[in-house]
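Structural description and commentary
Each chain, letter by letter, is given below.
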Amino acid sequence: MFILVTGGSGSGKSEYAENRAVELSRPENQMLYYIATMVPYDQESHQRIARHQAMRRDKHFVTREQYTGLRQLCLPGNGVALLECMSNLAANEIYRPEGAKEKAVEEIWAGIEALLEKCRHLVVVTNEIFSDGILYEEETRRYQQVLGEINSRMARRADQVVEVVYGIPVVHKGEQGEKQL
């Protein structure tokens, strides 16, 4: 199963996605992988990473840091992977020296397809950054275009698309999980 989880900043999407991944791993006691995409570059990013690590501390995830080149990620077994988050991965592929630059969409999509082959279930977290009504400069609009294209492709390919609003999951595609998380 491929689940796309979206929402605004602070919406509860990360907690929801983690709980869904754990739920998917339970029937066959599958390995849980957390694919971290945020490059720790300042005090705020280190604090955010520490907060996310604390949230998943007792959930038994094996963390893999993968800032670019998602398709090269090796995951042993056929477990459940949680990619957190697509917004960071897109920025890394566009702006980091080792990133794919103008081929970011193709590189990221190849990585998603590779993960779908390697995992029994994939949960991807992304951000809703398109509804603030602000007109941004060209570079930011380019980032939004890349993230929008990836989000659209994932939504079409996903079995389930969930938007988390104020901690409430709203299912836009597919059926709700077995229980409210």
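Helices and strands together make up the secondary structure of the protein, namely 5 helices and 7 strands. Mapped in sequence order, the helices and strands of the protein form the string β-α-β-α-β-β-α-α-β-α-β-β. Relative to the 2.2 N^0.38 estimate, which gives 16 Å for 181 residues, the radius of gyration of the protein is 15 Å and therefore close to what a compact globule would have. If one aligns the C-alpha atoms of the protein with their principal axes, the spans along those axes are about 45 × 35 × 35 Å.

Right, let's talk about the nonpolar core for a bit. Counting 30 residues, the largest nonpolar core has Met86, Ile112, Leu115, Val124 and Met154 as its most contacted members. If one sorts the elements of this core by residue count, helix 4 (residues 104-118) sits on top with 7 residues. In contact with Ile112, not counting residues within four places along its chain, are Phe2, Leu70, Met86, Leu122, Val124 and Met154. With 18 residues, the next largest nonpolar core counts Ile3, Tyr16, Val80 and Leu82 among its residues.

For helix 3 (residues 86-95), the tally of buried residues reaches 7 of 10 residues, placing the bulk of the element in the interior. Every buried residue of helix 3 is accounted for by Met86, Ser87, Leu89, Ala90, Asn92, Glu93 and Ile94. Looking at the buried residues of helix 3, the elements they touch are strand 4 (80-84), helix 4, strand 5 (121-125) and helix 5 (138-157).

If you walk through the whole model with that rule in mind, you get 9 salt bridges. Put simply, Glu138 and Arg141 hold a salt bridge, and the shortest N to O gap is 2.7 Å. In this pair, Glu138 and Arg141 both sit in helix 5, 3 residues apart, roughly one turn of the helix. Overall, Glu138 belongs to the exposed group, its relative accessible area being 54%.

Looking at the element boundaries, Thr37 is found in the loop between strand 2 (32-36) and helix 2 (43-55). Polar contacts involving the side chain of Thr37 include one to the main-chain carbonyl oxygen of Glu84, which spans 3.1 Å. In this structure, Thr37 is in contact with Gln66, Tyr67, Leu83, Glu84, Cys85, Asn88, Leu89 and Asn92, ignoring residues within four places of it in sequence.

Bringing the sheet that holds strand 1 (residues 2-7) into the picture now. Reading across the sheet, the 7 strands line up as 3-2-4-5-1-6-7 and stay open at both edges, with mixed pairing between neighbours. With partners counted over all chains shown, the strands left at the sheet margins are strand 3 (61-65) and strand 7 (168-173), one partner each. Between one strand and the next, the sheet's axes are offset by a mean angle of 20°, whatever the strand orientation. Strand direction decides the pairing type here: strand 6 (residues 160-165) and strand 7, joined by 5 bridges, are antiparallel.

Turning next to the packing of helix 4 against helix 5. Running from amino to carboxyl end, helix 4 crosses helix 5 at an angle of 30°, the nearest separation of the two axes being 10 Å. As the angle between them shows, helix 4 and helix 5 are arranged roughly parallel. The handedness of the crossing between helix 4 and helix 5 is right-handed. Between helix 4 and helix 5, the residues in contact are Ala104, Val105, Ile108, Trp109, Ile112, Glu113 and Leu116 and Val146, Glu149, Ile150, Arg153, Met154 and Arg157, respectively. Here the contact of helix 4 with helix 5 is built from residues that sort into 9 nonpolar, no polar and 4 charged.

Before going further, it helps to examine the confidence of the model for the protein. Mean pLDDT for the protein: 91, with 97% of residues reaching 70 or above. In the model of the protein, helix 2 stands out as the element of lowest mean pLDDT, 81, in contrast to strand 5, which has the highest, 98.

Parameters at a glance
- Residues numbered from 1 in each chain as written.
- Predicted model: local features only at pLDDT ≥ 70, side-chain atom pairs only at ≥ 80, totals over all residues.
- Heavy atoms only, no water.
- Helix = DSSP H or I, 4+ residues; strand = E, 2+ residues; numbered from the N terminus.
- Rg over C-alpha atoms; globule rule 2.2 N^0.38 Å.
- Core = buried A, V, L, I, M, F, W, Y, C linked by side-chain atoms within 4.5 Å.
- Buried < 20%, exposed > 50% of the residue type's maximum accessible area, 1.4 Å probe, protein only.
- Contact = heavy atoms within 4.5 Å.
- Salt bridge = Lys/Arg side-chain N within 4 Å of Asp/Glu carboxyl O.
- Polar contact = N/O pair within 3.5 Å; in protein donor to acceptor, adjacent residues only side chain to side chain.
- Pairing = 2+ DSSP bridges.
- Axes fitted to C-alpha atoms, helices over the stretch in contact; angles between N-to-C directions.
- Parallel < 35°, antiparallel > 145°, perpendicular 65-115°, else oblique.
- Left-handed = near helix turned anticlockwise from the far one by under 90°.
- Nonpolar A, V, L, I, M, F, W, Y, C, P; charged D, E, K, R; others polar.
- pLDDT = per-residue confidence, 0-100.

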